[in-house]
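# Architecture and fold: a report
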Amino acid sequence: MALWVFGYGSIIWKTGFPYDETLVGFIKGYRRVFYQGSTDHRGTEGAPGRTVTLEPAEGEVCWGVAYKITKEEDKQAAVEHLEVREKQYDQKVYVDLFTDLKDSSPAVSGVLVYIGSPDKKRNKNYLGPASLEELAKQIAYAEGPSGPNRDYLFQLEKSLLRIGCKDEHVINLAEEVRRILSEEPKAS
């Protein structure tokens, strides 16, 4: 039986594990939000970055890419990679993936997705909601071992547009970060 993994953040552009096939689609009842702190990739303990997680949202959908993995050794390698990479995300959930908004039946069931929950006892890096301006300031200046947090946001925006997804939250946040960066005094 194949393992399917749903990427809604950096997995879209930097998978990091072998796979056989991709399927652009969406999951129902969730929305993408920048509520997860990143102290290991896009920020530090003292200045965490923000990455996306999923929040339950009645009537909403979250677009992304599902990756099909069929070989046993590839499934094992993918899970080992994801357990390290997604270690700050405390929930593994299996969801239905849809490819057409008109469909009532999923294209694939049992797709694995990692989520950072708002439970601060289990997820010490959950930062929660903030205004667009606060999110943008934090993302504009945070930086960690994987690079500037803003690069994560800009790459997510580009990757979502490439798969045909106009995520207004991501687009508005990226525009606000660009505005903040454009107002910085130029070094002489």
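The present account deals with the structure reproduced in this document. (Residues numbered from 1 in each chain as written. Predicted model: local features only at pLDDT ≥ 70, side-chain atom pairs only at ≥ 80, totals over all residues. Heavy atoms only, no water.)

## So, helix 1 (residues 72-85)
- Its 14 residues place the ends of helix 1 20 Å apart at the C-alpha level, agreeing with the 20 Å of an ideal helix rising 1.5 Å per residue.
- Those residues of helix 1 not exposed but buried are Asp74, Lys75, Ala78, Leu82 and Arg85. Down the axis of helix 1, the sector holding all buried residues measures 105°, keeping them to one side. Projecting away from the buried face of helix 1 at angles above 90 degrees are the exposed residues Glu72, Glu73 and Val84. (Helix = DSSP H or I, 4+ residues; strand = E, 2+ residues; numbered from the N terminus. Expected span 1.5 Å × (residues − 1). Buried < 20%, exposed > 50% of the residue type's maximum accessible area, 1.4 Å probe, protein only. Arc of directions from axis to C-beta.)

## Details of the pairing of strand 5 (residues 108-115)
- Most of strand 5 sits inside the fold, with six of its eight residues counted as buried.
- Note that strand 4 (residues 91-97) and strand 5 share six bridges and pair antiparallel. Bridge pairing in strand 5 links Leu97 to Val108. (Pairing = 2+ DSSP bridges.)

## Notes on the packing of helix 2 (residues 132-141) against helix 4 (residues 168-182)
- Running from N to C, helix 2 and helix 4 point in directions that differ by 65°, and their axes come no closer than 9 Å. Between helix 2 and helix 4 lies a crossing of right-handed hand. Residues Leu132, Glu133, Leu135, Ala136, Lys137, Ile139, Ala140 and Tyr141 of helix 2 form the contact with helix 4, whose participating residues are His169, Asn172, Leu173, Glu176, Val177, Ile180 and Leu181.
- Looking at the contact of helix 2 with helix 4, its residues break down into 10 nonpolar, two polar and three charged. (Axes fitted to C-alpha atoms, helices over the stretch in contact; angles between N-to-C directions. Left-handed = near helix turned anticlockwise from the far one by under 90°. Contact = heavy atoms within 4.5 Å. Nonpolar A, V, L, I, M, F, W, Y, C, P; charged D, E, K, R; others polar.)

## What about the packing of aromatic side chains?
- According to the stated counting rule, one finds nine aromatic pairs in the structure shown.
- The interplanar angle of 55° and the centroid separation of 4.8 Å between the aromatic rings of Phe26 and Trp63 together place this pair among those described as tilted. With Phe26 in strand 2 (residues 21-38) and Trp63 in strand 3 (residues 49-69), this pair connects stretches of sequence that are 37 residues apart.
- Following the ring pairs from residue to residue traces out a cluster consisting of Trp13, Phe34 and Tyr152. (Phe/Tyr/Trp six-rings, centres within 6.5 Å; stacked < 30°, edge-to-face > 60°.)

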